[in-house]
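# What the coordinates show
Chain residues, written in single-letter form:
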Amino acid sequence: MTVTARLEEVKKIYRVGDLEVPAVRGVSLAIEAAAFLSIAGPSGSGKTTILNLLGALDTPTAGRIEIGGRSTEGMSSKDLADFRNTHLGFVFQTFNLIPVLTVRENVEFPLQLHGISDREERQTRVDTMLSEVGLAAMADRRPTELSGGQQQRVAIARALVKSPTLVLADEPTANLDSATASEIVDLMQSMNEKHGTTFIFSTHDPMVMERATRLVQLRDGLVESDERRNGGRDAS
Amino acid sequence: MPPEILPGKLGPVTILRLGWRNLRRNRRRTWITATTVGLAVFFLQITWSMMVGIERQSYDNLINYQTANAKVYAAGYFEIRDELPLDRPLEDLDALQATVSSVDGVAATTPRLTFQAQLSDGTDQIPCLGIGVQVLGSDTEVFRIPQAVVDGQYLSLGEEGMLLGSGLAEMFGLGVGDWLTVLAKTKAGAYEAIDVPITGLIGTGNPLIDQGSFFIPLETARGMLGMEGEATELAVRFSQIASESATLARIHRAIAGLGGLDVKGWRDVEEDFLAFAQMKRAGSVVFLAIFVVLALVGVTNTILMAAYERTREIGMMMAMGTRGAGIRGLFLTEGALNGLLGGAVGSLAALAVIAYFATAGLDLQALYGDMDIGYPVKERMYFVLDFAAMGITWLLTGLLAAFASLYPAARASRQDPVRALRYV
């Protein structure tokens, strides 16, 4: 089993005035490549903090994080930005598309950041990705002209277009109705199966948890359970 | 890898596209800011064009009616020129004129005799500057006095007569055909008086001439002052294409061999006026700069508000790997574009106004009446239409607007992505 991301005794303590608030108290996880991993737990259990740490958006107070074989320890903010650019894709609860860019330009945005200077190559990759998420016909629309589910599809396309090591999704279905949420999880799952991209997502939604191939339950900043399952996939 | 796209950075086209579209995101705010900047740029362009215009006209006026391009004096005269001394005249004028006229870049020369005098109509007596000019030929090749005759005629060879400043004529209540008595101290120190008929009135727009000078034939002045064959200065006109400093240097070298002479360019002669013009220009620029700065504070505020509103968007961009420099670039571009938009509006409006006044001129008489505005300009002031200066001002506005966006841009780029993403 190839490990794509690893957390070793990771702790994160926030300081609020003189008060120390431990959000993560010592979490160790080895996340295998192509995992479809759900992090679940009640509010304040540390789900978002773990995602932020895995997303190189935050640095741990103690412990070590490795993604794609590289540790984020001691990286400057510029290095962290480059690291995120190279290794990570993000899907947010509120979609967070750039409203002044079209669907196509939104998906192209990370490719430009990635340093792909060949416009044709960018266009090909964007078109392919938009076809895969079923939005090829809406490429020239602005995000405000799309439904929530369509916007989240764009966000998924944007996260996947640069073929990242990990895609991190923080409550990706929280702002969607159950039918649309199911479609989004279907899409994420199919992308996971097709491209072998590792997905890590936090959720409160039992329907989403059921689809995960690995379910990590957190409580009070610690791993309460770590369960491997087939996530409703065919055994074949 | 092409320089326009580097990892973690956005290409200039993307930055420009984002900047422009973000400006359109809140059109009302953009236009309010652009209008403020535009107003400042409008007044700046107009004032600059007006200042340059009036300065150029003033310089032309001084050269055409008062200083020529340069003057040759006897050594020591220039330092005490305000006293109009007669005991330091130019001698051997023919040789001097021949020497200076042969200098490359010199178009014409003419001797003049300037002296202190009193003009009297029998009732009033007014101290004036008397100028003896060579009626035949040379003075009109160096100066443009004939063009300034507003009534009567220019001086005629062999005839007694006087060209009187129009302001002086008004003070005396006299006109062409009337007589005035000229009283002056001769070179020897005796007092001499002659009666001279007024043959013409001149209006140059230069208060020193219009309200304080009269012109008589050089021979009349020489005879009256006991200075046969002498003059106090040799005025020099340069050719149109001559370099001022180079020609001046050549004259300096040419007269060095003659000894006891000194040459001064019109800028030396009129250094007080030039200092005054420079001070006035600096004063106007400082005043307008304050106005521009206030307008740019509007840009700072607009970009600050935009950065606040888009905190989550910035967080998302950072999460995707945009470096701080990329975020800074976005907001600096937005500020610059807002400045350029306002600058374009202001510059275009100014262009229309300037183009009109560059052709039709501004009627100073209607605006100021007889009030002395400090510049030797006659009747109308013409604005200068300088596309290069206007373009530079416009580009500078964009640059300054980008500068005004530095703080909000830096602030936006230093955000913690986690906090930015949580911002509601």
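Residues numbered from 1 in each chain as written. Chains lettered and ligands numbered in written order. Predicted model: local features only at pLDDT ≥ 70, side-chain atom pairs only at ≥ 80, totals over all residues.

## A short note on the overall build of chain B
- Scanning chain B for helices and strands turns up 16 helices and 12 strands.
- For a compact globule of 424 residues, the expected C-alpha radius of gyration is about 22 Å, and chain B comes in at 31 Å, more than 25% above that figure.
- With respect to the three principal axes, the spread of C-alpha positions in chain B is 95 × 50 × 30 Å.
- Looking at chain B residue by residue over its 424 residues, the buried ones come to 45%.
- In chain B, 82% of the contacts between residues at least 6 apart in sequence involve partners at least 24 apart. (Helix = DSSP H or I, 4+ residues; strand = E, 2+ residues; numbered from the N terminus. Rg over C-alpha atoms; globule rule 2.2 N^0.38 Å. Buried ≥ 20, exposed ≤ 12 C-beta atoms within 10 Å, placed from the backbone. Contact = placed C-beta atoms within 7 Å.)

## Comments concerning the environment of methionine 390 of chain B
Residue and element names in this part refer to chain B.
- If you trace the backbone, methionine 390 turns up in helix H14 (residues 387–404).
- As for methionine 390 and valine 150, which are separated by 240 residues in sequence, their C-alpha atoms are 37 Å apart.
- The contact partners of methionine 390, leaving out residues within four places of it in the chain, are Gln45, Ser347 and Leu351.

## What about helix H4 (residues 119–132) of chain A?
Residue and element names in this part refer to chain A.
- In this model H4 runs 20 Å from its N-terminal to its C-terminal C-alpha over 14 residues, within 8% of the 20 Å that 1.5 Å per residue would give.
- All of the buried residues in H4 are Arg122, Arg125, Val126, Met129 and Leu130. One side of H4 carries all its buried residues, which in axial view fall inside an arc of 130 degrees. In this structure, H4 carries Glu120, Glu121, Thr124 and Thr128 as exposed residues pointing more than 90 degrees from its buried face.
- Where H4 is buried, its residues contact helix H3 (103–113) and helix H5 (148–160).
- Positive backbone phi, approximately 75 degrees, marks glycine 134, located one or two places after H4. (Expected span 1.5 Å × (residues − 1). Arc of directions from axis to C-beta.)

## Some thoughts on the packing of helix H10 (residues 271–309) of chain B against helix H12 (residues 324–360) of chain B
All names here are of chain B.
- Closest axis-to-axis distance for the H10/H12 pair is 10 Å, and the angle between their directions is 140 degrees. As the angle between them shows, H10 and H12 are arranged oblique. Relative to H12, the crossing made by H10 is right-handed. On H12, the residues touching Val299, Thr302, Ile303, Ala306 and Ala307 of H10 are Phe331, Glu334, Gly335, Asn338 and Gly339.
- Of the residues that constitute the contact of H10 with H12, the class distribution is five nonpolar, four polar and one charged. (Axes fitted to C-alpha atoms, helices over the stretch in contact; angles between N-to-C directions. Parallel < 35°, antiparallel > 145°, perpendicular 65-115°, else oblique. Left-handed = near helix turned anticlockwise from the far one by under 90°. Nonpolar A, V, L, I, M, F, W, Y, C, P; charged D, E, K, R; others polar.)

## Considering the pairing of strand E6 (residues 88–91) of chain A
Residues and elements named next belong to chain A.
- Residues Leu88 and Phe90 of E6 are buried on one face, and the alternating residues Gly89 and Val91, pointing to the opposite face, are buried as well.
- Taken together, the four bridges between E6 and strand E7 (residues 166–170) define a ladder with parallel strand orientation. Along E7, the bridge assignment pairs leucine 88 with leucine 166. (Pairing = 2+ DSSP bridges.)

## So, the domain arrangement of chain B
All names here are of chain B.
- With domains assigned, chain B is organised as domain 1 (12–62 + 273–422) and domain 2 (76–259).
- Taking only C-alpha atoms, the centre of domain 1 and the centre of domain 2 are 48 Å apart.
- Counting residues at the interface gives six residues for domain 1, matched by five residues for domain 2.
- Counted by class, the side of domain 1 that touches domain 2 contains two nonpolar, one polar and three charged residues. (Domains from an automatic or database assignment.)

## Brief notes about the environment of glycine 196 of chain A
- Along the chain, glycine 196 of chain A falls in the loop between helix H6 (178–195) and strand E8 (198–203).
- Non-local contacts of glycine 196 of chain A, meaning those with residues more than four positions away in its chain, are made with Ala33 and Ala34 of chain A.

## Quick look at the interface of chain B and chain A
- Facing the 25 residues of chain B at the interface are 21 residues of chain A.
- Residues of the side of chain B that touches chain A, tallied by class, amount to 13 nonpolar, seven polar and five charged.

## Quick word on the sheet that holds strand E4 (residues 62–67) of chain A
Residue and element names in this part refer to chain A.
- Strands sit in the order E2-E1-E4-E5 across an open sheet of four strands; the sheet is antiparallel. The sheet is open, and its two edges are formed by strand E2 (19–32) and strand E5 (70–71), each paired on a single side.
- Here E4 pairs with E5 via two bridges, running antiparallel. Across the sheet, the residue bridging to isoleucine 67 is arginine 70, located in E5.

## Re the nonpolar core
- With 114 residues, the main nonpolar core has Leu37, Leu54, Ile156, Ala157, Leu168 and Ile200 of chain A as its most contacted residues.
- The biggest single contributor to this core is H12 of chain B, with 11 residues.
- In this structure leucine 168 of chain A touches Leu51, Leu54, Gly55, Leu88, Phe90 and Ile200 of chain A, once residues within four positions along its chain are discounted.
- Counting residues in each nonpolar core, the second largest holds 61 residues, with Ala108, Leu119, Ala169 and Phe214 of chain B among its members. (Core = buried A, V, L, I, M, F, W, Y, C linked by C-beta atoms within 7 Å.)

## Quick look at the sheet that holds E7 of chain A
Residues and elements named next belong to chain A.
- Ordered by their spatial adjacency, six strands build an open sheet running E6-E7-E8-E3-E9-E10, and the pairing between neighbours is mixed. Two strands in the sheet have a free side with no partner beyond their single neighbour: E6 and strand E10 (222–228). Neighbour-to-neighbour, the strand axes of this sheet turn through a mean angle of 20 degrees, independent of strand direction.
- As defined by bridge partners, E7 adjoins E8 across five bridges and the pair is classed as parallel. If you follow alanine 169 over to E8, its bridge partner there is phenylalanine 201.

## Quick look at the pairing of strand E7 (residues 191–202) of chain B
Residue and element names in this part refer to chain B.
- Sheet analysis places strand E4 (residues 149–152) next to E7, joined by three bridges and oriented antiparallel. In the strand pairing of E7, aspartate 151 is matched with leucine 201.
- Of the strand pairs in this sheet, strand E5 (residues 162–165) and E7 are connected by four bridges, and their pairing is parallel. Counted as the bridge partner of leucine 164 is leucine 201 from E7.
- Linking two consecutive strands that pair antiparallel, namely strand E6 (residues 179–185) and E7, is a turn of five residues; a positive phi of about 100 degrees is found at glycine 189 within it.

## What about unusual backbone geometry?
- For aspartate 220 of chain A, which is not a glycine, the phi torsion comes out positive at approximately 50 degrees.
- Residue aspartate 220 of chain A is classed as partly exposed on the basis of its 14 C-beta neighbours within 10 Å.
- At leucine 84 of chain B, a position not held by glycine, the phi torsion is positive, near 50 degrees.
- Positionally, leucine 84 of chain B belongs in the loop between strand E1 (70–74) and helix H3 (93–101).

## Details of H3 of chain A
- A large share of H3 of chain A lies buried, amounting to 11 of its 11 residues.
- What H3 of chain A keeps buried is the set Val103, Arg104, Glu105, Asn106, Val107, Glu108, Phe109, Pro110, Leu111, Gln112 and Leu113 of chain A.
- Where H3 of chain A is buried, its residues meet helix H2 (77–87), H4 and H5 of chain A together with helix H1 (12–25) of chain B.
- Downstream of H3 of chain A by one or two residues, glycine 115 of chain A has phi in the positive range, about 90 degrees.

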